[in-house]
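# An overview of the molecular structure
As a plain string of letters, each chain reads:
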Amino acid sequence: MELLVGVRRIIPAAIHPIPGGVEAELRGDAVLSLLDAAFHGAGRVELLGGGLDRRPMDVAGIEMRGASTLVTLLCAGEAARLH
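First, a word on scope: everything that follows refers to the structure included in this document. (Residues numbered from 1 in each chain as written. Predicted model: local features only at pLDDT ≥ 70, side-chain atom pairs only at ≥ 80, totals over all residues. Heavy atoms only, no water.)

### A short note on the pairing of strand β4 (residues 21-26)
Condition: Throughout this description, buried means an accessible area under 20% of the type-specific maximum (1.4 Å probe, protein chains only), exposed means over 50%, and partly exposed covers the range between. Secondary structure elements are defined from DSSP: runs of H or I of at least 4 residues count as helices, runs of E of at least 2 residues count as strands, and each element is numbered from the N terminus. Strands qualify as paired when DSSP identifies two bridges or more between them.
Here β4 lies mainly inside the structure; 5 of its 6 residues are buried. Judged from the 5 bridges that link them, strand β3 (residues 14-18) and β4 form a sheet pairing that is antiparallel. Bridge pairing in β4 places Pro-17 opposite Val-22. A loop of 2 residues connects β3 with β4, the two strands running antiparallel in sequence, and Gly-20 in this loop sits at a positive phi of about 80°. Pairing between β4 and strand β7 (residues 68-75): 6 bridges, direction antiparallel. The residue bridging Leu-26 from the neighbouring strand is Thr-69, located in β7.

Okay, here's the thing in structure tokens:
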């Protein structure tokens, strides 16, 4: 699974499904991109792959862990329709 943050594709260091969403471990610029999207409206966050493919996600939690950050993302709606 990957994250789509605005127009940028991010491959988390690790990603684990949880009820209603995922927990993703991010490092470096990936964290900054996600924070910009979540708190400054600099793009939308979507999940690519898995059972929640193309679903918009909301940031529900952020936990700093030294060189990485654990981000909890919860589903925020239906998958986008492809034409």
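### Notes on the sheet that holds β4
For the record, the criterion: Simply put, an axis is a line fit to the C-alpha atoms, just over the touching stretch for a helix, and the angle between two N-to-C directions goes from 0 to 180 degrees.
Strand order across the open sheet formed by 7 strands is β2-β1-β5-β6-β7-β4-β3, with antiparallel pairing between neighbours. Edge positions in the open sheet fall to β2 (8-10) and β3, since each of these has one partner strand only. Taking each pair of neighbouring strands and ignoring which way they run, the sheet shows an average axis angle of 35°.

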